[in-house]
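Per-entry structural report
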Amino acid sequence: MGRSGKTDVLMSRRGAVGAAAGLAFGGTAAMAGTARAADRDGGGERFRGKSVLITGATSGIGRAAAIAFAREGAKVAFCGRRERLGRAVEREIRESGGEATYLKADVRRPRDVRSFVERAVGRYGGPDIALNNAGIQLPFTDLHEVSIEEWDDVASTNIRGVFLAMKYQIPYMREAGGGVILVTGSTNQFATRTGLASYTAAKNGVTGLVQAAALENAAHHIRVVAVAPGMTDTEMLDAHRPEGISDEEWRLTKAAFAEQGVDAMKRMAEPEEIAAAALALASDAFAFQTGTSVPVDGGQLAGL
Ligand SMILES: NC(=O)c1ccc[n+]([C@@H]2O[C@H](COP(=O)([O-])OP(=O)(O)OC[C@H]3O[C@@H](n4cnc5c(N)ncnc54)[C@H](OP(=O)(O)O)[C@@H]3O)[C@@H](O)[C@H]2O)c1
């Protein structure tokens, strides 16, 4: 049975609890091999004074990136719909001496995105760097059973939302003479598994959008790159959480899913590991990188 077959059985809505019951991966084992924060950024100052704009930083990868950019001296403006979480991330960054502002915005709404970019630039200038990260995933659903509303929601968030962000960011970057635009894509830019049609279609769109934006803007010294995470332990995975299972059962289920689906490292990424890759790609160390989508997947795509 192929990789996707194995994991689909494991993570089907019926199969998830059963899989968890038969497996016992401890938190320590699942975390083995993760990089320490100090090793990831070297305690650096790579983004001192830079204006960084992030969509979807109320949780997960975006939150980790906001914290990491601020730790390295950036001024970070970020959005998301959940105000309470946005304020909490802003507070966390400020309390540790960083600079950040939460601005409520829904990337599905053109007016919100435009106003987010304008307010962020008004506050911090730039933007020098944008990380267009906001995204959602449906529970695994065969495509003929995806409702039109669900399809539109995924497309509006995961691809149209990225287009809107770029649309309003690029003129500022051109005016300023350069910048870096990152997009959080996915390994689903390259391959998929049963039940992820809407998500995969949108993430494939990211590949083309990044290529097109890179070509159009290289002469303006704007680099455009997608970081393509594999399975990462964030709230997004909760879309697949079967009803009625305990937190411990869900933790074991996710560990089992990673064991089956991530052939090399056999674990999920921590959001901080994906954020670290995004920061590296945004840095001058990657000055020749543009138009590409870079998998950061623990060897998930390497396996058959
Ligand atoms: N976790 C994974 O395994 C994985 C793998 C590959 C790629 N990714 C990608 O990584 C990105 C971040 O996801 P995550 O894993 O960190 O999950 P997450 O914790 O659920 O974070 C998603 C973020 O996007 C924001 N968001 C969603 N819809 C939005 C909207 N309409 N307007 C504004 N913000 C919105 C959420 O904020 P609000 O809910 O507050 O609006 C949240 O801050 C996504 O693009 C996802 O596709 C994740």
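In case you missed it, the structure is sitting above this.
Described in the following lines is the structure provided in the data block. Just so we're clear, the structure is a prediction, and the values are computed from it rather than from any experiment. (Residues numbered from 1 in each chain as written. Predicted model: local features only at pLDDT ≥ 70, side-chain atom pairs only at ≥ 80, totals over all residues. Heavy atoms only, no water.)

Around the ligand lies a shell of 31 residues, among which Thr58, Arg81, Asn133, Tyr199 and Thr234 are the nearest. In this structure, Thr234 approaches the ligand through a side-chain N or O atom, which is 2.6 Å from an oxygen atom. In the complex, the protein chains occlude 96% of the 870 Å² of accessible area that the ligand would expose alone. For the shell around the ligand, the secondary-structure elements that each account for two or more residues are helix H5 (60–71) and helix H9 (197–217). Looking at the shell around the ligand residue by residue, the classes come out as 11 nonpolar, 14 polar and six charged. (Near = heavy atom within 4 Å. Polar contact = N/O pair within 3.5 Å; in protein donor to acceptor, adjacent residues only side chain to side chain. Areas by Shrake-Rupley, 256 points an atom, 1.4 Å probe, with all protein chains shown as cover. Helix = DSSP H or I, 4+ residues; strand = E, 2+ residues; numbered from the N terminus. Nonpolar A, V, L, I, M, F, W, Y, C, P; charged D, E, K, R; others polar.)

Take the packing of H5 against helix H11 (residues 271–282) next. In the contact formed by H5 and H11, the axes pass within 8 Å of each other and the chain directions differ by 55 degrees. Of the possible angle classes, the one that applies to H5 and H11 is oblique. With respect to the hand of their crossing, H5 and H11 are arranged in right-handed fashion. Residues Gly60, Ile61, Ala64, Ala65, Ala68 and Phe69 of H5 form the contact with H11, whose participating residues are Pro271, Glu272, Ile274, Ala275, Leu279 and Ala282. (Axes fitted to C-alpha atoms, helices over the stretch in contact; angles between N-to-C directions. Parallel < 35°, antiparallel > 145°, perpendicular 65-115°, else oblique. Left-handed = near helix turned anticlockwise from the far one by under 90°. Contact = heavy atoms within 4.5 Å.)

This part takes up the side chain of Ser198. Along the chain, Ser198 turns up in helix H9. A relative accessible area of 7% places Ser198 in the buried class. (Buried < 20%, exposed > 50% of the residue type's maximum accessible area, 1.4 Å probe, protein only.)

Note that every value here comes from positions in space, so none of it alone points to a role or purpose.
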